[in-house]
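Descriptive analysis of the structure
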Amino acid sequence: MELVDKKQKWKGQFTYLDGYNTLDQYREVDFMMEIDVNNSSFVGISRDSESKELFDKPASVKGFFDNDMISFVLKYPYSYYRDDHGTLVVEKEYEHPDIQYIGFYDEDLKEYKGNWEIVVDQEAYGTDNLLEVVNGGFELRRVN
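Everything quoted here is computed from the prediction, not taken from an experiment. (Residues numbered from 1 in each chain as written. Predicted model: local features only at pLDDT ≥ 70, side-chain atom pairs only at ≥ 80, totals over all residues. Heavy atoms only, no water.)

Observations regarding the overall build of the chain
Each helix and strand in the chain was counted, giving 0 helices and 10 strands. When the helices and strands of the chain are placed in sequence order, the string is β-β-β-β-β-β-β-β-β-β. Projected onto its principal axes, the C-alpha positions of the chain cover 45 × 35 × 30 Å. Of all 144 residues assigned to the chain, the portion counted as buried reaches 31%. If you take every contact in the chain between residues at least 6 apart in sequence, the share linking residues at least 24 apart comes to 41%. For the chain, the exposed surface amounts to about 9400 Å²; the carbon and sulfur share of it is 46%. (Helix = DSSP H or I, 4+ residues; strand = E, 2+ residues; numbered from the N terminus. Buried < 20%, exposed > 50% of the residue type's maximum accessible area, 1.4 Å probe, protein only. Contact = heavy atoms within 4.5 Å. Areas by Shrake-Rupley, 256 points an atom, 1.4 Å probe, with all protein chains shown as cover.)

Below is the structure:
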């Protein structure tokens, strides 16, 4: 897919498991990205329906297109998470970990589909590190 316009709007949704049990439900969250494209790289902002009321500024995005692949990092202004009671908790004193996205273009659907991943905890175990990773899926399509 060739990209011509420098300023672009994209919309999509990401999903994540609400809980740790496979019987738990997946949450679907709509989001909108506004990006400035330079060659195959881009930077911009993202707002999603779950967190947009929590922050005084949008999340930042930085990534690239490579043939039919998209890869980007999303960074919220500060830490937030859903606690054991399902309540969104904001911790402005902590930095939110980077969220890595990678997807591939589906020509039939005219959208990117892929997965995202975030490392939420890291523990030293001998000479190795044990990582606690949360992940989910996403869909993304250009709207202008």
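Comments concerning the pairing of strand E5 (residues 69-75)
The buried fraction of E5 amounts to 5 of the 7 residues, a majority that puts the element mostly inside the structure. Pairing of strand E4 (residues 59-66) with E5, which is carried by 7 bridges, proceeds in the antiparallel orientation. When the bridges of E5 are listed, Asp66 appears paired with Met69. In textbook terms, the turn of a hairpin is the stretch between consecutive antiparallel strands, and for E4 and E5 this stretch comprises 2 residues, one of which, Asn67, has a positive phi near 55°. Examined bridge by bridge, E5 and strand E8 (residues 99-106) share 6 bridges and lie antiparallel to one another. Within E8, the position partnered with Ile70 by the bridge is Gly103. (Pairing = 2+ DSSP bridges.)

Structural notes on the nonpolar core
By size, the foremost hydrophobic cluster in this structure holds 27 residues, and its most contacted members are Phe14, Met33, Phe72 and Leu140. Of all the secondary-structure elements, those providing two or more residues to this core are strand E1 (7-17), strand E2 (26-38), E4, E5, E8, strand E9 (111-125) and strand E10 (128-142). With 5 residues, E2 is the largest single contributor of residues to this core. Excluding residues that lie within four positions of it along the chain, Phe72 makes contacts with Met33, Phe42, Val61, Lys62, Gly63, Ile99, Gln100, Tyr101, Phe138 and Leu140. (Core = buried A, V, L, I, M, F, W, Y, C linked by side-chain atoms within 4.5 Å.)

As for the packing of aromatic side chains
For the coordinates displayed, the defined rule picks out 16 aromatic pairs. Members of the aromatic cluster, each reached through a chain of ring pairs, are Trp10, Phe42, Phe65, Phe72, Tyr101, Tyr105, Tyr112 and Phe138. (Phe/Tyr/Trp six-rings, centres within 6.5 Å; stacked < 30°, edge-to-face > 60°.)

Overview of the side chain of Glu111
With respect to the helices, strands and loops of the structure, Glu111 is situated in strand E9. Of note is the side chain of Glu111, whose polar atom sits 3.1 Å from the side chain of Arg141. Setting aside anything within four residues of it in sequence, one finds Glu111 in contact with Phe104, Tyr105, Asp106, Glu139, Leu140 and Arg141. (Polar contact = N/O pair within 3.5 Å; in protein donor to acceptor, adjacent residues only side chain to side chain.)

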